[in-house]
Amino acid sequence: MINTPRHIAIIMDGNGRWAKEKHLPRMKGHAAGAEAVRRTVEACRELGIGYLTLFAFSTENWKRSKSEVKFLFSLLGRFLVGEKKNMLKNGIKFSVIGDVSALPEGLVKKINAIKTVTRNMDKLTLTLALNYGSRNEIARAVKKLLSAKPPDNIEKAFADALDTKDMPDPDIIIRSSGEMRLSNFLLYQGAYSELYFTDTLWPDFGKKDLVKAIKVYSDRDRRFGGY
Ligand code: IPE
Ligand code: IPE
Ligand code: MG
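In this text the structure is predicted, and so the values were computed from the model without any measurement.

Colleague: Sorry, what's going on with the layout of surface pockets here?
Modeller: Using a probe with the size of a water molecule, rolled over the atoms, empty space left in the structure can be pinpointed. As a volume, the largest pocket reaches approximately 630 Å³. Lining the largest pocket are 29 residues, with Met12, Asn15, Phe55, Ala56 and Asn61 positioned closest to its centre. Elements represented by at least two residues in the lining of the largest pocket include exactly helix H1 (15–21), helix H2 (26–47), strand E2 (51–58) and helix H3 (66–89). Residue composition of the lining of the largest pocket, grouped by class: 13 nonpolar, 8 polar and 8 charged. Lining the second largest pocket are 14 residues, and of these Lys93, Ser95, Val96, Thr125 and Asp166 sit closest to its centre. Of all the elements in the fold, those that place two or more residues in the lining of the second largest pocket are strand E3 (92–97) and strand E4 (124–132). Tallying contributions element by element places E3 first for the lining of the second largest pocket, with 4 residues. Here the residues of the lining of the second largest pocket are counted per class, giving 4 nonpolar, 4 polar and 6 charged.

Set out below in structure tokens:
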């Protein structure tokens, strides 16, 4: 029997190298990456995954050129508008983690609109990590708690102050492109996540990669400190 993860989180990496291999500009890699997102969402839906969280833009990605950052945000905006119908048709609830306040106003409007129209969907929760970094998320959570009375259950209060308060911890964190690091992604929530690294570059990622990762996950022995 296959033990399917409830929550899959993915560090979508390798768009630039995919483009480079093909002698294309980096932007083409990102555009192909958006297609991989579509395929992956579809595969998760077919496989009955409850939560899919995708790392789309980190708090460190502002170090990239202005034009790349601008392109990524406009691609995201187009992706959201283009996927609205599909999300409603397939019961996908859209959500975001990260400090959205620093994103362009037009993109924030699109994000809020899609969040609102999909809020009652209950098949798959698709979360994009946008301007997300665990250290920033933790710092913002601490700031929220500082102005409140010290809670009795500090671990619960802290988890509730994180952007991920409405979702279970990821069962598996997948990273594409052969890099073996977390790059500031879900550091707190991933305390007991299974880690899976694949050499596949993100634009080449698809259902067969996902099924393989789930199979590997299913064969792992999660002990959570017990036997
Ligand atoms: C991942 O691909 C997409 C983002 C981080 C936005 P990269 O753009 O990091 O691709 P590489 O790592 O340069 O190949
Ligand atoms: C991590 O990829 C961030 C996203 C996938 C959005 P990076 O390409 O930014 O990570 P590093 O710089 O290789 O650690
Ligand atoms: Mg990268």
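Alright, that's what it looks like, and here's the rest.
Colleague: What's the story with the pattern of salt bridges in this structure? I'm lost.
Modeller: This structure, assessed with the given rule, holds 19 salt bridges. Its salt-bridge partner being Glu46, residue Lys207 comes within 2.6 Å of it at the nearest N-O pair. Here Glu46 lies in helix H2 and Lys207 lies in helix H7 (residues 207–219), a separation of 161 residues in the sequence. Classification of Lys207 as partly exposed rests on a relative accessible area of 38%. For Arg140, the salt bridge is made with Asp163, and the minimal N-O distance between the two is 2.6 Å. Of this pair, Arg140 sits in helix H5 (residues 134–146) while Asp163 sits in the loop between helix H6 (154–161) and strand E5 (172–175), and the two are 23 residues apart along the sequence. On the basis of relative accessible area, Asp163 is assigned to the buried category, the value being 17%. Each of the salt bridges in this network shares a partner with another, and the network as a whole consists of Asp13, Arg17, Arg175, Glu179 and Arg181.

Definitions and limits used
- Residues numbered from 1 in each chain as written.
- Chains lettered and ligands numbered in written order.
- Predicted model: local features only at pLDDT ≥ 70, side-chain atom pairs only at ≥ 80, totals over all residues.
- Heavy atoms only, no water.
- 1 Å grid on protein atoms, 1.4 Å probe; cavity = no way out; pocket = protein on both sides within 12 Å on 5 of 7 lines; lining within 4 Å.
- Points joined across faces, edges and corners; volume = space filled by probe spheres on them.
- Helix = DSSP H or I, 4+ residues; strand = E, 2+ residues; numbered from the N terminus.
- Nonpolar A, V, L, I, M, F, W, Y, C, P; charged D, E, K, R; others polar.
- Salt bridge = Lys/Arg side-chain N within 4 Å of Asp/Glu carboxyl O.
- Buried < 20%, exposed > 50% of the residue type's maximum accessible area, 1.4 Å probe, protein only.

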